[in-house]
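A structural walkthrough
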Amino acid sequence: MTSPTATLAEVEQDARERLAAASDEAALEAWRTGVLGRSGTLTGLLRGIGALPEAERKHAGAALNVLKQSLEAALEERRDALRAAALASTVADALDVTLPGRPMRRGRLHPVTQVRREILDVFARLGFATVEGPEVELERYNFDLLRIPEHHPARDMWDTFWLDPSTTEGVSMLLRTHTSPMQARFMETHEPPIRIVVPGRCYRYEATDATHEWMLQQVELLAVDEGLSMANLKGTLQEFARQMFGPQRKVLMRNSYFPFVEPGVELSVDCFVCPGNDPACPVCRGSGWIEIMGAGMVHPEILEAAGYDTRRYTGFAAGMGVERVTMLKYGITDIRNLYQNDPRFLAQF
Ligand code: DAH
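Residues numbered from 1 in each chain as written. Predicted model: local features only at pLDDT ≥ 70, side-chain atom pairs only at ≥ 80, totals over all residues. Heavy atoms only, no water.

1. Details of the overall build of the chain
To keep things clear, this is the line we draw: In DSSP terms, a helix is any run of H or I states spanning at least four residues, a strand is any run of E spanning at least two, and both are numbered starting from the N terminus. Both definitions apply: the radius of gyration is a C-alpha atom measure, and the globule rule equals 2.2 Å times residues to the power 0.38. Here's how the labels work: a residue is buried when its accessible area is under 20% of the maximum for its type, exposed when over 50%, partly exposed in between, all with a 1.4 Å probe on protein chains only. Surface accessibility follows the Shrake-Rupley procedure with a 1.4 Å probe radius. Residue values consider only the protein chains on display as shielding. When charges are tallied, Lys and Arg are placed among the positive residues and Asp and Glu among the negative ones, while His and the ends of the chain are skipped. Where a charge lies is defined by one atom per residue type, namely NZ (Lys), CZ (Arg), CG (Asp) and CD (Glu).
For the chain, the count of helices and strands is 11 helices and 9 strands. The C-alpha radius of gyration computed for the chain amounts to 43 Å, which surpasses the reference 20 Å derived for 349 residues by more than 25%, pointing to a less compact arrangement than a globule. In terms of its C-alpha atoms, the chain occupies a principal-axis envelope of roughly 135 × 55 × 35 Å. Looking at the chain as a whole, 42% of its 349 residues qualify as buried. When the accessible surface of the chain is summed, it comes to about 19,600 Å², and 53% of that surface belongs to carbon and sulfur atoms. Each charge class in the chain was averaged separately, 38 positive and 47 negative side chains, and the resulting centres sit 5 Å apart.

2. Quick look at the site of the ligand
Selection criterion: A single heavy atom is enough: if one lies within 4 Å of a molecule or strand, its residue is considered near that molecule or strand. In protein, a polar contact requires one atom able to donate a hydrogen and another able to accept it; more generally it is a pair of N or O atoms within 3.5 Å, and residues adjacent in sequence count only if both atoms are side-chain atoms. Think of it as three bins: nonpolar holds Ala, Val, Leu, Ile, Met, Phe, Trp, Tyr, Cys and Pro, charged holds Asp, Glu, Lys and Arg, and polar takes everything else, Gly as well.
Every one of the 16 residues lining the ligand counts as a neighbour, but His178, Ser180, Arg204, Gln218 and Glu220 are closest to it. Contacts to the ligand include histidine 178, whose side-chain N or O atom sits 2.9 Å from a nitrogen atom. At 2.7 Å, a side-chain N or O of glutamate 220 approaches an oxygen atom of the ligand. Here the ligand, which alone exposes 350 Å², has 93% of that area covered by the protein. Residue assignment for the shell around the ligand shows that the elements contributing at least two residues are β5 (215-226), β8 (289-298) and β9 (313-321). Counted by class, the shell around the ligand contains 7 nonpolar, 7 polar and 2 charged residues.

3. Topic: the domain arrangement of the chain
The condition that has to hold: A domain assignment, automatic or from a database, supplies the domain bounds used here.
Here the domain parsing of the chain yields domain 1 (4-94) and domain 2 (111-346). Between the C-alpha centres of domain 1 and domain 2 there is a distance of 88 Å.

4. Focus: the nonpolar core
The criterion, for reference: Here, nonpolar core refers to any group of buried Ala, Val, Leu, Ile, Met, Phe, Trp, Tyr and Cys residues whose side-chain atoms link them within 4.5 Å. In what follows, residue pairs with any heavy atoms lying within 4.5 Å of each other are defined as contacts.
Counting residues in hydrophobic clusters, the biggest one holds 46 residues, and the most contacted among them are Ile119, Phe123, Leu237 and Phe240. Dropping the residues within four chain positions of it, isoleucine 119 is found in contact with Val219, Phe240, Met244, Met320, Val322 and Val325. In this structure, Ile148, Met182, Leu222 and Phe260 belong to the second largest nonpolar core, which totals 24 residues.

5. Topic: the packing of helix α3 (residues 41-48) against helix α4 (residues 54-94)
Here is the rule we go by: Working convention: axes come from line fits to C-alpha atoms, limited for helices to the stretch in contact. Angles between N-to-C directions cover 0 to 180 degrees. If an angle is under 35 degrees, it is roughly parallel; if it is over 145, roughly antiparallel; if it lies from 65 to 115, roughly perpendicular; otherwise it is oblique. Should the near helix be turned counterclockwise from the far one by less than a right angle, the crossing is left-handed, whereas a clockwise turn marks it as right-handed.
Between α3 and α4, the least distance of the axes is 11 Å, while the angle of their chain directions is 165 degrees. Classed by the angle they form, the pair α3 and α4 counts as roughly antiparallel. The handedness of the crossing between α3 and α4 comes out as left-handed. On α4, the residues that touch Leu42, Leu45 and Leu46 of α3 are Leu64, Asn65, Leu67, Lys68 and Leu71. Tallied by class, residues from the contact of α3 with α4 come to 6 nonpolar, 1 polar and 1 charged.

6. A few points about the sheet that holds strand β7 (residues 261-270)
To be explicit about the condition: Paired strands, as defined in this entry, are two strands with at least two bridges between them according to DSSP.
Overall, mixed pairing links the 7 strands, which are arranged β1-β4-β5-β9-β8-β7-β6 in an open sheet. Every other strand in the sheet has two partners, leaving β1 (129-130) and β6 (251-256) as the edge strands with one partner each. Pairing between β8 and β9: 5 bridges, direction antiparallel. Each residue of the ladder has a partner; that of glycine 294, found in β9, is glycine 319. Sitting on the sheet, helix α5 (residues 111-125) is in contact with β1, β4 (194-203), β5 and β9, with an inclination near 5 degrees to β5.

7. As for helix α2 (residues 25-35)
In plain terms, the rule: Starting at the helix axis, one direction is taken to each C-beta atom, and the arc is that of these directions.
Along α2, the positions that sit buried rather than exposed are Leu28, Trp31 and Val35. The arc enclosing the buried residues of α2, seen along the axis, measures out at 60 degrees, which places them on a common side.

8. Section: α5
For the record, the criterion: In this analysis, the expected span of each helix is defined as 1.5 Å times one less than the number of residues it contains.
With 15 residues, α5 ought to run about 21 Å at 1.5 Å a step, and its terminal C-alpha atoms sit 21 Å apart, in line with that. Listed in full, the buried residues belonging to α5 are Pro111, Val112, Thr113, Val115, Ile119, Leu120, Val122 and Phe123. Just past α5, the residue glycine 127 takes up positive phi, approximately 95 degrees.

9. Description of the packing of aromatic side chains
Operational definition: In this scheme Phe, Tyr and Trp rings, the latter by its six-membered ring, pair at centre separations within 6.5 Å, and the angle between planes marks the pair as stacked below 30 degrees, edge-to-face above 60, and tilted otherwise. As a reminder, the over-ring test applies to NZ of lysine and CZ of arginine, requiring each to be within 6 Å of the ring centre and within 35 degrees of the ring normal.
Per the counting criterion, the structure on display carries 13 aromatic pairs. An aromatic cluster is built from Phe143, Trp158, Trp162, Phe258 and Phe260, whose rings are joined through pairwise contacts. Against the face of tyrosine 141 rests arginine 140, its NZ or CZ located 5.5 Å from the ring centre. Residue placement shows arginine 185 over the ring face of tyrosine 141; its charged tip is 4.2 Å from the ring centre.

10. Side note on the side chain of threonine 326
By the element assignment, threonine 326 lies in helix α10 (residues 322-330). If near-sequence neighbours (up to four positions away) are discounted, threonine 326 is found in contact with Pro111, Val112, Val115, Ile332 and Leu338.

Next comes the structure, spelled out in C-alpha cells:
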C-alpha cells in the first residue's frame, strides 16, 4: 500500500535532485513542466487528492501546497544562481590580465600648427612678440594704409573675398588677404621700438591647385626702431632660415615689389634637397634657391601715416606662408594634402 506521505517525500527528493542537475534555461523549463506543469508529477498528486479518504484529504492538500510553493521558490533560486554564474564567467573572460594592453591613441598637432609654433619660437628668441589681428578686415587696413589704393594694379596680387556691403552698413570689408594689415593696426596704437610677429589665417579668392589654397596661414614680421637697415633685415632672416632649415643655410635677397616696402625683396634659402643643380629637384628645380618670403624696408609713407618721425625711425617687414614653409620642411608637394585631414597623412607628423 502506498502511503501518500511516502510518495510525497519521493516526489520531492526526485524533483530536488533533478533541479540541482539542471544547468541552463532549457533544462529549468523542462523541469518546470515535468514537475509543476499541467501534467507534472506534483500536479498529478494534487489531482489525486479527491480520491483520498475524507480524513486524509485536508492534511494531504496542505502538505502538497507547501511543497509546491517550496519547489517554485527552489526553481527561482536555481535560476538566479545559474544567471549569476554565467555573468561571473563573462566578467572573468573580460578581465584576462594576461592580454597585452590596448595602445592608447594619442592626438597630435597639425603639421601647419607645429611649423607655425616653430616659426614663432624662433622669432621669440630673437625678441619678437606675437600679436594677432582680425580675419575680417577693413579695406582700409588690408589695402589703403598699405599704399594699395583702389584701382592700383597691385591689388591684382590679391584676389579678394569681399563682404556684402548690405551686411556691413556700407563699410568696405573683406577677408584679409594677408597679415600685413596688422602692421598698420599695430603702428596706429604703439610707438617704436616695435618688434612683432603676427600669425594668422588669410583668404584668397583663387582656384585651388597644388600650390594654392583659398585659405592660407601667414606670419608677418615687423620691426621699427632707430637705425634699422637692410643689414638688420638680412641678419634676422638669415638667423631664422638657419634655425628653421639647418645651420648651413645661406639666404639670398632678390629685388622685388610690394607697395608697402621700399626696397622690396624676395628672400630665398639655398636648396637643402639637392646639391643645387639638379633639374629634377622637386623643390628648387635646379635653380639652387627656394623662395620663402617677401620682405623689405617699411615704406616711409607708412611710417609717416602712423605719425612716426621718419628722420629718426626706420623699419623692416616680412611675410611668409606657413603652408609653404611646412611643405619645404617636409617635402610635401601638394598643399591640398594639408587640409584634407586624411589621418593617414596627418599621422606622419
Ligand atoms: N603681404 C605679402 C603677401 O601676402 C607678403 C609680404 C611681402 C609681407 C613683403 C611683407 C613684406 O611684410 O615686406 O604677398
